[in-house]
Amino acid sequence: MPTDLDTLARVKLSQVLRDHPDPATLDPSEDLVEVYGVSSLNKVLFLTSLCKAASVGLHNFTEDDLARMRTLDGVVNALRPHAVPEG
Amino acid sequence: MTVIGLGHRTSWSAADFYDQARAVAGALRRRGAGPGSRIGILSANRMEWVLLDLAALMIKAQTAGFEPGKFTPDADLVERYDLDLLFTDVPLPDDAPPQAVPISIVADHAGEVPADLDPVQWATTDCTTVKFTSGSTGVPKGLEATAGSIDSSLHAVQGLFGHGPGDDILTFLPLSILQQRYWLYSALYWGHDLTITTYQSVLAVMSTVRPTVVMGVPAFFDAVRRHIENSVADGAEPAEAVAEVFGDRIRYLWTGSAPADRAMLDFYGRAGLEIYEGYGLNETCIVTKNYPGATREGSVGRALPGKEIIIDDDGVVHVRSDFPVNTRYTFAAPGSSENIFGPGGLVRTGDLGRLDDDGFLYILGRADDVLVLGNGKKIIVRPVETRFRDTGAVSDCVLYHPSSAGLVAVVSPLPGPVDTGAVSVALADVNAVSEPDERIVRVIVADEPFTVENGLLTSQFKPVRHRIAHRYSNRIDDPKAGIRAY
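The structure presented is a predicted model; accordingly, all values stated were derived computationally and were not measured. (Residues numbered from 1 in each chain as written. Chains lettered and ligands numbered in written order. Predicted model: local features only at pLDDT ≥ 70, side-chain atom pairs only at ≥ 80, totals over all residues. Heavy atoms only, no water.)

Section: the confidence of the model for chain A
So, point 1. On average, residues of chain A score 84 in pLDDT, and 92% of them are at 70 or above.
So, point 2. The spread of mean pLDDT over the elements of chain A runs between helix α2 (residues 40-53) of chain A, the lowest at 83, and helix α4 (residues 72-79) of chain A, the highest at 94. (pLDDT = per-residue confidence, 0-100. Helix = DSSP H or I, 4+ residues; strand = E, 2+ residues; numbered from the N terminus.)

Structural notes on the pattern of salt bridges
So, point 1. The tally for this structure, following the rule as stated, stands at 28 salt bridges over all chains.
So, point 2. Salt-bridge contacts for Lys52 of chain A lead to Glu244 of chain B; the nearest nitrogen and oxygen are separated by 3.4 Å. With one member in each of two chains, Lys52 of chain A in helix α2 and Glu244 of chain B in helix α9 (residues 238-246) form a pair that bridges those chains.
So, point 3. Look at Glu244 of chain B and you get partly exposed, because its relative accessible area is 33%. (Salt bridge = Lys/Arg side-chain N within 4 Å of Asp/Glu carboxyl O. Buried < 20%, exposed > 50% of the residue type's maximum accessible area, 1.4 Å probe, protein only.)

Some thoughts on the pairing of strand β22 (residues 394-403) of chain B
Looking along a regular strand, one sees side chains alternate from face to face of the sheet.
So, point 1. Bridging between β22 of chain B and strand β23 (residues 406-413) of chain B involves 7 bridges; their strand directions are antiparallel. By the bridge assignment, Val394 of chain B is partnered in β23 of chain B with Pro413 of chain B. (Pairing = 2+ DSSP bridges.)

Considerations on the interface of chain A and chain B
So, point 1. Contacts between chain A and chain B engage 23 residues on the former and 26 residues on the latter.
So, point 2. Taken together, the links from chain A to chain B amount to 1 salt bridge.
So, point 3. Run the count over chain A and chain B and you get 2 residue pairs in polar contact (both at pLDDT 80 or more).
So, point 4. Those elements giving two or more residues to the side of chain A that touches chain B turn out to be α1 (5-16), α2 and α3 (63-68) of chain A.
So, point 5. Broken down by element, the side of chain A that touches chain B gets its largest block of residues, 8 residues, from α2 of chain A.
So, point 6. Of the residues that constitute the side of chain A that touches chain B, the class distribution is 9 nonpolar, 9 polar and 5 charged. (Contact = heavy atoms within 4.5 Å. Polar contact = N/O pair within 3.5 Å; in protein donor to acceptor, adjacent residues only side chain to side chain. Nonpolar A, V, L, I, M, F, W, Y, C, P; charged D, E, K, R; others polar.)

As for the nonpolar core
So, point 1. Core analysis: the largest hydrophobic core is formed by 61 residues, its most contacted members being Phe17, Leu28 and Phe87 of chain B.
So, point 2. The greatest single-element share of this core, amounting to 10 residues, is contributed by helix α2 (residues 47-58) of chain B.
So, point 3. Phe17 of chain B has contacts with Met1, Trp12, Met47, Val50, Leu51, Leu54, Leu184 and Leu188 of chain B, leaving out every residue within four places of it along the chain.
So, point 4. Ranked by size, the runner-up nonpolar core spans 48 residues in total, among them Leu45 of chain A together with Val214, Ile275 and Leu456 of chain B. (Core = buried A, V, L, I, M, F, W, Y, C linked by side-chain atoms within 4.5 Å.)

A word on unusual backbone geometry
Residue and element names in this part refer to chain B.
So, point 1. At Asp82, a residue that is not glycine, the phi angle is positive and equals roughly 50 degrees.
So, point 2. Inspection of the secondary structure puts Asp82 in the loop between α3 (75-80) and β5 (85-88).
So, point 3. Phi at Ser257 is positive, roughly 80 degrees, even though this residue is not glycine.
So, point 4. Structurally, the position occupied by Ser257 is in the loop between β12 (252-255) and α10 (262-270).
So, point 5. Under the relative-accessibility criterion, Ser257 is labelled partly exposed at 34%.

Considering the packing of helix α8 (residues 218-233) of chain B against α10 of chain B
All names here are of chain B.
So, point 1. For the pair α8 and α10, interaxial distance at closest approach is 10 Å and the crossing angle is 55 degrees. One way to sum up the angle between α8 and α10 is to call them oblique. Note that α8 runs across α10; the crossing there is left-handed. Counting all contacts with α8, which are made through Pro218, Phe221, Asp222, Val224, Arg225, Ile228 and Glu229, the residues of α10 involved are Ala263, Met264, Phe267 and Tyr268.
So, point 2. For the contact of α8 with α10, the class distribution of residues is 8 nonpolar, no polar and 3 charged. (Axes fitted to C-alpha atoms, helices over the stretch in contact; angles between N-to-C directions. Parallel < 35°, antiparallel > 145°, perpendicular 65-115°, else oblique. Left-handed = near helix turned anticlockwise from the far one by under 90°.)

A few points about the packing of α2 of chain A against α8 of chain B
So, point 1. For the pair α2 of chain A and α8 of chain B, the least separation of the axes is 10 Å and the interaxial angle reads 35 degrees. As α2 of chain A packs across α8 of chain B, the resulting crossing turns out to be right-handed. In this structure, α2 of chain A contributes Leu41, Leu45 and Ser49 of chain A to the contact, and α8 of chain B contributes Ala219, Phe220, Ala223 and His227 of chain B.

Notes on the packing of aromatic side chains
All names here are of chain B.
So, point 1. The tally for this structure, following the rule as stated, stands at 20 aromatic pairs over all chains.
So, point 2. When the ring of Phe172 is compared with that of Phe220, the centres are 4.5 Å apart and the planes differ by 50 degrees; the resulting orientation is tilted. With a gap of 48 residues between them, Phe172 in the loop between β9 (168-171) and α6 (178-190) and Phe220 in helix α8 connect regions that are remote in the sequence. For the pair Phe172 and Phe220, a shared accessibility class is recorded, and that class is buried.
So, point 3. Linked through ring pairs, Phe172, Phe220, Phe221, Phe246, Phe267 and Tyr268 together constitute an aromatic cluster.
So, point 4. A cation over a ring is seen here: Lys289 above Trp254, with NZ or CZ 3.6 Å from the ring centre.
So, point 5. Its guanidinium or amino end placed over the ring of Tyr362, Arg354 lies 4.2 Å from that ring's centre, counting from NZ or CZ. (Phe/Tyr/Trp six-rings, centres within 6.5 Å; stacked < 30°, edge-to-face > 60°. Lys NZ or Arg CZ within 6 Å of the ring centre and 35° of its normal.)

This is how it looks when you write it as structure tokens:
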């Protein structure tokens, strides 16, 4: 894993948001759709790019798992057990 | 035949698939289905869907494909559409009608001994399935599709693209849309591979599938384009970024169902991926298509064999088919059929268009979307809306004319905090290149992006004009609301 998962998730979410806000300003407890306006397709794009960057296979998750990932915290918590530790 | 999604992948040979469909056909017969029966399917894309579809064809029963999320598997659905059986992946309530059964049982049936079936014949005017309009207003209209129209379209498309062994067509839009099932029939007929997935999984699985053809609506290709652009901005090589998403075997991309932005089409052209736009309606099936060696920028292609395009005096596109999809709706409010179906297999599309000297069709907008100003001037809204969307400041735009003060735009914001400055600049830019009567006086930024989930986009990602108007009517009508043009 190239960097810690939380930071990586913030960076990848910022990339799909308009104007790419400072990743540090994103609230990990806020709803991705309702607060950040992430469409369902952009959510998939975000998760796809995050999984790739974190070397986590998307095959670890089902479509229902994806639907349950509603916040940044939810995403990070879901990916963490599958992420390869640094070093 | 492959069905793939996050966490699962199953492939069948044509022979195995045929045997399983025969087994399912036998189970359908034991449940009393046969010629003249109507079998409803309300489910997300899955193998059971296509098995049921083929099995129904084998026993000359009709299917009715209901789009998930838009229908409920209750007694009303069964009664309204006269269903003999209803297979669904929606959890059934205790008071579910007896005709409704979980679609998962189809997988069990598929493992049974294949039934001995006498071949059935579908005449060209027999109807194999009921398809439904996307339902932007009220109850979706139901239209029975003739076998002749399906067969004619399949052969016409095959004549343009020559799909065959070595091809793998990837489809992820709902199988309730008949056109998505065309690729099943095409695969069985011409021996190419077919991969079926879902909207939620397609991006995750596409590169591993390595399809040669991807079917998608413009909004999908546009979102993927932005994703690829981000990857390139992060340092990836363009070709590598494209291959990472689509795989490395793409022959061409197929798009339609909604207007495609020039910028999106150009992007794929520059990326070395051919993308072909076409045109059609539920009521006409596919009418035109650009294809290799017959493509013209800005057009939706030339008429397919068996189709004729007629532009009437008002500029409205009419389509005549050698094998019409049907001549009326089966399920619709009185008068609906007469509004669109004319004599001789003619369909009034409601789209404004023009044909060039070589027969290429250009869609200019919806006849219903013409705004008539106080001075009698008619404004075709789509070019102006597209102009606004192409600024990149918003993701969508719908125009209204609430008063003589001028046009008001309701725009769908891009994800994230709204940049009113950027919208204001975009408004000025659009007005600067528009005709005086096309000038937008105010812009209302919607509270949230238009999405399928909030009902402001159809399942094919077209803005639902009347719902957007209803939701933002106070601000549309308030001359002080929104961002004003200067």
